[in-house]
Amino acid sequence: MEDMKPSVTTSNSADGDAIDARFTALCKNGLSLDDSTYTEAMKLFKETKHLLSSNVSAIGSGTLEEAERFWFSFVLYSLKRLSQRSVENEQQGSDESGLTLCKILRAAKLNVVDFFKELPHFVVKAGPVLSNIYGEDWESRLEVKEMQANFVHLSLLSKSYKRAFWELFLTNDAAIDKQQTATSAPDYVSEYHRFGWLLFLALRVHAFSRFKDLVTCTNGFVSVLAILIIHVPIRFRNFKINDSPRFVKKGDRGVDLLGSLCYMYDASEDDLRKTMEMANKLIEDILKIKPCSASECKTETLENIDTDGLIYFEGLMEEQSLSSNLNILEKDYEDAIHNKGDLDERLFINEGDSLLGTGSLSGGSVNVTGVKRTFDSIASPSKTISSPFSPYRSPASHANGVLGPPKAKIAATPVSTAMTTAKWLRTVVCPLPSKPSAELQRFLSSCDKDVTNDVTRRAHIILEAIFPSNHEGSVTGSLQSANLMDNIWIKQRRLEALKLYYRVLEAMCTAEAQILHAPNLTSLLSNERFHRCMLACSAELVLATHKTATMLFPTVLDRTGITAFDLSKVIESFIRHEESLPRELRRHLNSLEERLLESMVWDKGSSMYNSLIVARPSLSAEINRLGLLAEPMPSLDAIAMHINFSGGMPAVASLQKHETSPGNLCSSILGQNGDVRSPKRLSTDYRSVLVERNSFTSPVKDRLLAFSNLKKAPLQSAFASPTRPNPGGGGETCAETGINIFFSKINKLAAVRINGMVERLQLSQQIRESVYSLFQQTLSQRTSLFFNRHIDQIILCCFYVVSKISQLHLTFREIICNYRKQPQCKPQVFCSVFVDGSSARRNGRTGQDHVDIITFYNEIFIPAVKPLLVELGPAGTATRTSRVPEANNNDDGPCPGSPKVSPFPNLPDMSPKKVSATHNVYVSPLRTSKMDALISHSSKSYYACVGESTHAYQSPSKDLTAINNHLNGTRKIRGALNFDDVDVGLVSDSMVANSLYLQNGSSASSSGAPLKSEQQES
């Protein structure tokens, strides 16, 4: 119901037979499947065909023909990944069908981007069927999130590689040696480009194996660049290595090539040299070319380069051997992916291949922040930044073949940001000791009992659980044994997480001791759940730094036995006590906290419910009826037993449920099963690949830091037993204090989202107040409406009911279309709302536990909140306005649970902020660090800074007057800035929207699609 269009039914026999015939034609004629594979495919299709019938409008453009093609491809992809026959073929290295994702998509006439955008719909709806047929571990074997992350990483890497290659080597034949013909030269350059990408893919397949994280892969493509520089004939070079400022590391023996590349890309020289060794070994093994020391070779490509430690391959890229070497690399890659059915990664350098698709995975279910903007910035010829890595340079900087300075101002990209963040981990965290410092040791030994051994043992076990040495049965689902590179990678990440854990734990202990005025922190330091949360947070930051495509959140929750509610308690403290934490990792934790608060803490099995039944006993019956309580957390000994240290960690589902260990001060009421997955988890796990991993995000993601400073209380009270009296006094239990703080965070998050919707819909301040008031009352007095749901579902319903009461002409269609432009939007929010089985049966549905937002509104929401609507009443002044009023800056009201509803809270200024509803004008505070860049000669004409006049001898006040006159008046003001002229160099609406609101990938077309007719409210 993505566009809320009427469902298209295919229930009658004739229609059903026609669909079966079309699926058969695709399998037999389009893909030439053998009888056995076809039979299995048809079985899965028939099991899920009824889901297609009821969800046509939610897939693609909503037409039956397109929905069928998507559904067919989903079924076949699931079959390839999950069937036992496919697993056996992969193990035996043979698969006669050769069924791959690319073959499926070509036959179904779909592209990769659209496929991944729509796949989560199938996963959510068909999950129970897939579980019944293929087992409970179907989701980890299907690897949807991993495939999505892998696609995004490769998109970024291919663009970075392409731009870097074309900067290093000629793109036209004008400057080529006269001996070369104008037609042959560009072909050779293209072949060198393809050779480099194929060598990079060989590294990914053979060397990087399991952990294809973005940082490791970036080291891979940088090593490929080094090999190309050494071997590509110099007549194809676009630089002079001896006098290029790009290669800044120089010595008596010439340019330090690897050192210069590391300087440019913020890479580790040790890691790059190891990657170079692996690449050289692959060239030797695959291409059968004998290596020789570069210092012993006399070739013009090595002139002015320090050859110490470099390897040279004679004839590797000579014109007579290049074609055959390319063919060998092509065949090696084809053999490697033939049985796996994975995406053919050669697509990314195949110009004009329609299979790749246009656009990006930035919409809804695959909310890949930053990717579209990155693509736009490196694709437009008008941009001054020529590469995600390349420095800023003037148009004349190519003079004499010399590239611009390597460390000038550049635009941040996901790849460059990942490398910069990895440098922080390498330079700040890695040098730290792998054991508690003397200061931390003092805190640990000052407890009632020395807990040093407990802390170090726990850290060892939990980090081994998060980063198991052997990955048989790991989250990737592959049955292959882990190779040496996997274990090296795992040990490095485990050590980084351990050092970060000890560092932040020491800072927290210091701060806690100051709050309590005592060094004895027994209550906190002996708390099992607190330490697991700290270890999980440290591990998540390490994974976020490297941007892995496999161990995506919530892996750290599942493997440590904690819940989203537990982790949300430490995020603010973690950020506050690690001052050196890079901005991008702070953003990652902020976006993670937002994701936890919006839905994951409301999932079945959340420890939040264990506190809620203590704080709100009246809700205990409903919580127990729905089975929402968390199970006890697996004991440390149980986790240690399942790791077994000599082998891999089995799927967490196999962990037995144990009570918490005796040393844990949390009572069993806070116990948490490490594996129970909510039925709703399916609809939240696919929210974001790079919101999880990508730090190239909108500034609005920083907002939750401002929300977290709600109550300065000792951290130990957050992890104390729910029934224990709060040490801060006031007669509250720890559960009541914790729930009130949690509700305050929920209200703050809702306020930001309500405010964004109000600005988009251009509603009045009174409407904003009414929506926020109703949301607060719903959270406080109808809390059960949030159970197993997403807070945005409640916000959308609040908007609609307030608009009806206020007699606004605002339809659900308008609300949904505007919601789709919000940064956190995903279609599952309004397509799939949880309802429990009893309410479904009351309304004549059998076995349906997810409905669309309108059905939920009419059947569940309205009956529940009717008593709360009396206070709202018709509001004659609540009308649409052309201008958004300023926010009310009243102080926060009392905590939720109090009879009085608090007014709309203070919100941090969103930047950039649109200051006119009718003009293309945005205002953002100017950072001092940006001033030099803005007033440089090359960019000065594009900006107007407060304090700097736009005209000679004119005061800034006159500039502001001119701007205000233009905004507030209709007549043209002579000499004023023309905000409506798209050619004057001002920022466009779309550019800011992409930056601030991260447009949903399908939102552009949403306004023109028909919506489901709104039903009569009951």
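As shown above, the structure is provided for reference.
Read on for an overview of the structure. Numbering of residues starts from 1 in every chain and runs along the sequence as written. Given that the model is predicted, a residue must reach a pLDDT of at least 70 before its local features are reported, and side-chain atom pairs must reach 80 or more before they are shown or counted; all residues, however, enter totals for whole chains, interfaces and linings. Just so you know, side-chain values use all the structure's heavy atoms and leave hydrogens and water out.

**Overview of the packing of helix H25 (residues 608–615) against helix H32 (residues 734–761)**
With their axes 8 Å apart at the nearest point, H25 and H32 run at an angle of 115 degrees to one another. Classified by the interaxial angle, the pair formed by H25 and H32 is roughly perpendicular. In this structure, H25 meets H32 at a crossing whose hand is left-handed. Taking contact as the criterion, the partners of Met-608, Ser-611, Leu-612, Val-614 and Ala-615 in H25 are, on H32, Ala-735, Glu-736, Ile-739, Phe-742 and Phe-743. The class makeup of the residues in the contact of H25 with H32 is 8 nonpolar, 1 polar and 1 charged. In this analysis an axis means a line fitted to C-alpha atoms, helices contributing only their contacting stretch, and an angle means the value between N-to-C directions, from 0 to 180 degrees. Helix numbering and strand numbering both begin at the N terminus, where a helix is a DSSP run of H or I of at least 4 residues and a strand a DSSP run of E of at least 2. Throughout, the term roughly parallel applies to angles under 35 degrees, roughly antiparallel to angles over 145, roughly perpendicular to angles from 65 to 115, and oblique to all others. By convention the crossing between two helices is left-handed if the near helix lies anticlockwise of the far one by an angle smaller than a right angle, and right-handed if it lies clockwise. Whether two residues are in contact is decided by their heavy atoms: any pair within 4.5 Å suffices. Gly falls in the polar group here, along with every residue not listed as nonpolar (Ala, Val, Leu, Ile, Met, Phe, Trp, Tyr, Cys, Pro) or charged (Asp, Glu, Lys, Arg).

**A short note on a nonpolar patch on the surface**
By definition, no residue in a patch forms a salt bridge, and every one has over 30% relative accessible area; like charges are joined within 9 Å, nonpolar side chains (Val, Leu, Ile, Met, Phe, Trp, Tyr) within 5 Å. Per-residue and other accessible areas follow the Shrake-Rupley method at a 1.4 Å probe size, with only the shown protein chains counted as cover for residues. The salt bridge definition used is simple: a Lys or Arg side-chain nitrogen within 4 Å of an Asp or Glu carboxyl oxygen. A cluster of nonpolar side chains, namely Leu-484, Met-485 and Ile-488, defines an oily patch on the protein surface of about 270 Å² accessible area. For Met-485, the location among the structural elements is in helix H18 (residues 484–516).

**Quick notes on the environment of Thr-555**
Note that Thr-555 resides in helix H21 (residues 555–560). A sequence separation of 89 residues divides Thr-555 from Ile-466, and the C-alpha atoms of the two residues are 7.7 Å apart. A polar atom in the side chain of Thr-555 sits 2.6 Å from the backbone oxygen of Leu-552. A 3.5 Å cut-off defines polar contacts: any pair of N or O atoms within that distance qualifies, except that in protein one atom must be a possible hydrogen donor and the other a possible acceptor, and neighbouring residues in sequence count only when both atoms are side-chain atoms.

**Some points on unusual backbone geometry**
In this chain, Phe-553 is followed by Pro-554 through a cis amide linkage whose omega measures 15 degrees. With respect to the helices, strands and loops of the structure, Pro-554 is situated in the loop between helix H20 (528–546) and H21. Here Lys-288, not a glycine, exhibits a phi torsion of approximately 60 degrees, which is positive. Considering the arrangement of structural elements, one finds Lys-288 in the loop between helix H12 (269–287) and strand E3 (291–293). In this model, Asn-304 sits at a positive phi of 65 degrees, which is unusual for a non-glycine residue. Structurally, the position occupied by Asn-304 is in the loop between E3 and strand E4 (311–313). A relative accessible area of 43% places Asn-304 in the partly exposed class. Think of it in three bands: with a 1.4 Å probe and only protein chains considered, a residue is buried below 20% of the maximum accessible area for its type, exposed above 50%, and partly exposed in between.

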